[in-house]
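Listed here are the chains, written in short residue letters.
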Amino acid sequence: MNLAPFAPAIFNINGRGIIQDASYRLIDASHPAVAGSTPIAIYCTGLGPVGHQPPSGAAALVSPLSQTTTTPTVTVGNAPALVTFSGLVPGLVGVYQVNAVTPVTAPAGDAPLVVSIGGATSNTVSMAVQAPDPDQAADALIAQMTLDEELQLVHGAYIVNPVGPLGAEEWVPGIPRLNIPDLLYADGPVGVYASFGPATALPSAMASAASWDLNEAAKYGTAIGTEVRAYGMNVWLGGNVNLGGREPRNGRTFEAAGEDPLLAGKIKAAHVRAVQDHYLIGTLKHYALNDQETGRTTAAVVTSERGERESDLLAFEIALKDSNAQSVMCSYNMVNGAYACQNDFLLNGVLKGDWGFQGFVASDAFATQSSAAAALAGLDQEQMGGYYFGGVWAPGLESAIQSGQMPQSRLDDMVHRILRAMFVAGLFNHPSAAGSFDAAADAAIAQEALEQGAVLLKNSAGLLPLDASKIGSIAVIGSHSDVGVLSGGGSAQVIPVGGPALTLSPQCPPSAVGPGAAACTNAKEVFDPSSPLAAIQAQAPKASVQFNDGTDTAAAAALAQSSSVAIVFVSQWESEGMDLPDLNFSGNQDALVAAVAAANPRTIVVMENGGPQLAPWLPQVGALLEAWYPGQRGGQAIANLLFGSVNPSGKLPITFPASVSDLPRPVIPAPIDPSSSTPFRVDYTEGFNVGYKWYDVNRISPLFPFGFGLSYSNFAFSNVSLAANGQQFQVTFDLTNTGGVTGAEVAQVYLGLPASTGEPPRRLVGWSKVFLQPGQKRSVTIAVDNADSSHPLSYWDVNSESWQVAPGDYTVYLGNSSASTGLTVAGAFHVGQ
Ligand code: BGC
């Protein structure tokens, strides 16, 4: 029989292809084809002559005479489908049937399907596709991959900056033949990393944590996710959940979410969840115990298992379980004798074993230490290049497999984890696509994040909020507050939308030496736009607002003396690649505040900094506002807070110590020779007593306790009751706004475990941020369940290697900070005999 050649046309109804599964059931929205598994029959015309040769590898389902002499190609989305048969439908003259398997990388939803044959392409019809099971989908791809293709996915491309397409910081080229997209990586924790171009400079992640508000944190993650995607990237590297409380001088405190595993874990989980909602792989880092930048590639942390399980690892556990993060970045340092990126205990044991992590572990940039040893310890992907895994610097994984040092099954597992993560995050179904982002919407998020996260630390005699109608003159002093607000450096640096207000060369501290120091020495101090001076003038249009840059202490004091109010801005730059030498503000800033406060007691200090600071002038100043690194709408947010259009409600996510001599390590451990690659010991003798737990155990009064923050209103707790049931309890109470303005209080629940456990006096186990009108009273319940990812009632039992609840008495505290003075006993309950 001769038929007209090659004019393929698929039968359809309103553009939807007439496509059936193996049981002749129509594929439609109520019965979609599963990517990677559902066999489909596509009905069409115009596939040309039929003959005797079945398509290679295909079973002849009907008479060989009816098969087409040319095999068509079928694509669903852009994904090529395996064609198993193509021929005439028996009994229907001129009607062809093409059998194929729905490709594993077909996009979910309504996917465009076309049939091509002999250079002719059919009409496009749509077919309903359902996303595959990620494990089956990953395996289906691996079954089609060559060894070289598998090896390609387990390390970055061997190129130095700029690394990948669209400026990706790290890049794993995809495999077009299998429709596997490139992996394109972008930092960072407070907005898209500087190298990509302008992005919304959010306030520091610490400010997000200080909001104690998971909805607010989700908005923060949404701004980041939207912009990472707009830059065409599909992996986000910014989920820094290292606990800042062990070493508050760490130059990266601003990237992370404070000292408490529960608060930091939940806040970072909210960021990562929101990011992953934008079809990106979210990364938690730096796993683990990566707490100082001094000698960051050689620090050999020594800690007890219980100490790490109940602190830094717990923060990761919570963040991971609550976010379903698909990637974890292992860190540069050593932990108990093994580098974090080839640490069998941390990677295979804790992360993949105990926590059941099914995503992939990628190394921090150049933190991979070896080939087979690292892969066998649990590292799945080397970044940035293939120096070890790809065999550039040492025999790579290919030779490890050939020599039997590493089984092929381990490589399959590494690739499986990477592909699985890509399926789970939706990278196949929602290919990355560079585009624009709504800068105005994200700027609004940046402003709100600071308005909710700034912490009012002192307010004597109601100095704040300022009443514009009653102020004749305002002195605005210091920290370039005429033009902008400071940001943090390193891989968390953002170039704000509209460009920096000012860039300066930093004075890198003595710790910025050795590997990693370039992050500081090459950095610039970037001031984000949004001039506090202009925003203050806008709030007080009738006042005379004058600026003094603060370099001349006497001149600043003179201006303060002649003004009704003085607002002094002090700032402390920090960055990856350095630690702060102490917790004092650098240069003349402490002397400046002291002089201004001496000249005018109505002095308000606004701090722009990454983490805890000392405030030797505190008794002399009237008010103190912690604005962290404020982000590109910081000026407006700060002015709104100072003048009361926004009532401060942030609470400290990290303790401010009274002195560096109160820290677990008053002197930061440092290598004798910073350029040496020999590890040096950093002993975490404080174990799980990080942050407020350390100060409570040692009965040290901090400058400001964890959880502390003032409001322009007052709040009262009443009718407090406790109901305990097994390993759950609820604290119920009335919270009343007894002041005159709308505001929010963060009710915090702390738990004291039985003395036999050796736990600190109190651990944060729950909280609720409650917004109330003046005079409004609300009944609030905070429920705590030991089944939560935070194990609130448990301690880590090293004998059974598990979380256990000890028999004994548990005391529940309620209040508005971790300080005992801020807490009342809500009740007690007993567990066990
Ligand atoms: C940092 C990571 C960052 C990476 C980017 C490293 O120096 O420690 O936090 O994600 O660079 O490549």
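Look up: the structure comes first, before these words.
These lines cover the structure that appears in this document, whether it is placed above or below.

Conventions and cut-offs
- Residues numbered from 1 in each chain as written.
- Predicted model: local features only at pLDDT ≥ 70, side-chain atom pairs only at ≥ 80, totals over all residues.
- Heavy atoms only, no water.
- 1 Å grid on protein atoms, 1.4 Å probe; cavity = no way out; pocket = protein on both sides within 12 Å on 5 of 7 lines; lining within 4 Å.
- Points joined across faces, edges and corners; volume = space filled by probe spheres on them.
- Nonpolar A, V, L, I, M, F, W, Y, C, P; charged D, E, K, R; others polar.
- Patch = residues over 30% accessible without salt bridge, like charges linked within 9 Å, V, L, I, M, F, W, Y side chains within 5 Å.
- Areas by Shrake-Rupley, 256 points an atom, 1.4 Å probe, with all protein chains shown as cover.
- Salt bridge = Lys/Arg side-chain N within 4 Å of Asp/Glu carboxyl O.
- Helix = DSSP H or I, 4+ residues; strand = E, 2+ residues; numbered from the N terminus.
- Pairing = 2+ DSSP bridges.
- Axes fitted to C-alpha atoms, helices over the stretch in contact; angles between N-to-C directions.
- Contact = heavy atoms within 4.5 Å.
- Disulfide = S-S within 2.5 Å.
- Buried < 20%, exposed > 50% of the residue type's maximum accessible area, 1.4 Å probe, protein only.
- Core = buried A, V, L, I, M, F, W, Y, C linked by side-chain atoms within 4.5 Å.
- Polar contact = N/O pair within 3.5 Å; in protein donor to acceptor, adjacent residues only side chain to side chain.
- Phe/Tyr/Trp six-rings, centres within 6.5 Å; stacked < 30°, edge-to-face > 60°.
- Lys NZ or Arg CZ within 6 Å of the ring centre and 35° of its normal.

The probe, sized like a water molecule, is rolled over the atoms to show the empty space still left. Estimates place the volume of the second largest pocket at around 620 Å³. Taken together, 28 residues line the second largest pocket, and the ones lying closest to its centre are Glu525, Ser571, Ser586, Gly587 and Gln589. Counted by class, the lining of the second largest pocket contains eleven nonpolar, 14 polar and three charged residues.

Moving on to a nonpolar patch on the surface. Side chains of Phe366, Val392 and Trp393 sit close together on the surface and give an oily, nonpolar patch of about 330 Å² of accessible area. Relative to the helices and strands, Val392 resides in the loop between helix H9 (372-377) and helix H10 (397-402).

Before going further, it helps to examine the sheet that holds strand S20 (residues 327-330). Read across the open sheet, the six strands follow the order S15-S16-S17-S18-S20-S23; overall the sheet is mixed. In this open sheet, the two edge strands, each paired with only one partner strand, are strand S15 (170-172) and strand S23 (360-363). Strand-to-strand twist across the sheet, computed as the mean angle between neighbouring axes with direction ignored, equals 30°. Contacts from helix H5 (residues 261-276) reach strand S17 (235-240) and strand S18 (281-287) within the one sheet, and its direction differs from that of S17 by about 170°.

Overall, the coordinates contain one disulfide when judged by the stated rule. Here Cys330 pairs with Cys341 through a disulfide, and the sulfurs are 2.1 Å apart. Classification of the bridge connecting Cys330 and Cys341 rests on its S-S torsion, roughly 110°, and on that basis the disulfide is right-handed. Linking Cys330 in strand S20 with Cys341 in the loop between strand S22 (338-339) and helix H8 (344-354), this pair joins segments that are eleven residues apart in sequence. A relative accessible area of 0% means that Cys341 is categorised as buried.

What follows concerns the nonpolar core. Grouped together as the largest cluster of nonpolar side chains are 132 residues, with contacts concentrated most on Tyr287 and Leu419. Examining the composition of this core, we find that nine residues originate from one element, helix H11 (residues 408-425), more than from any other. In this view, Tyr287 contacts Leu313, Phe316, Val328, Met329, Cys330, Ser331, Ala340, Leu346, Leu347, Val350, Leu351 and Trp355; residues no more than four positions away in its chain are not counted. Ranked by size, the runner-up nonpolar core spans 65 residues in total, among them Ala560, Val565, Ala627 and Leu652.

So, on to the environment of Ser469. Locating Ser469 in the fold gives a position in the loop between strand S24 (455-459) and strand S25 (473-477). According to the relative accessible area criterion, Ser469 is exposed, its value standing at 65%. In the structure, Ser469 is positioned 205 residues away from Pro674 in sequence and 57 Å away in space, judged by C-alpha atoms. Of note is the side chain of Ser469, whose polar atom sits 2.7 Å from the side chain of Asp467.

Moving on: the side chain of Ser794. Note that Ser794 resides in the loop between strand S38 (777-785) and strand S39 (795-797). Relative accessible area serves as the criterion here: at 2%, Ser794 is assigned to the buried category.

Below, the discussion takes up the pairing of strand S19 (residues 299-302). Here S19 pairs with strand S33 (residues 680-683) via four bridges, running parallel. If you follow Ala299 over to S33, its bridge partner there is Phe680. Where S19 meets strand S21 (residues 334-335), two bridges bridge the pair, whose relative direction is parallel. Of the residues in S21, the one forming a bridge with Ala300 is Met334.

Moving on to the packing of aromatic side chains. Under the counting rule described, the total for this entry stands at 19 aromatic pairs. With 5.5 Å between their ring centres and 85° between their planes, Trp212 and Trp767 make a pair best called edge-to-face. Taken as a pair, Trp212 in the loop between helix H3 (205-210) and helix H4 (214-230) and Trp767 in strand S37 (residues 763-772) lie far apart in primary sequence, 555 residues in all. Trp767 shares its class with Trp212; the two are buried. By the ring-pair criterion, three or more aromatic residues cluster together here, those being Trp212, Tyr692, Phe706, Tyr750 and Trp767. It is Arg309 that lies over the ring of Trp796; its NZ or CZ is 3.9 Å from the centre. One residue, Arg762, lies across the ring of Tyr813, its end atom 5.0 Å from the ring centre.

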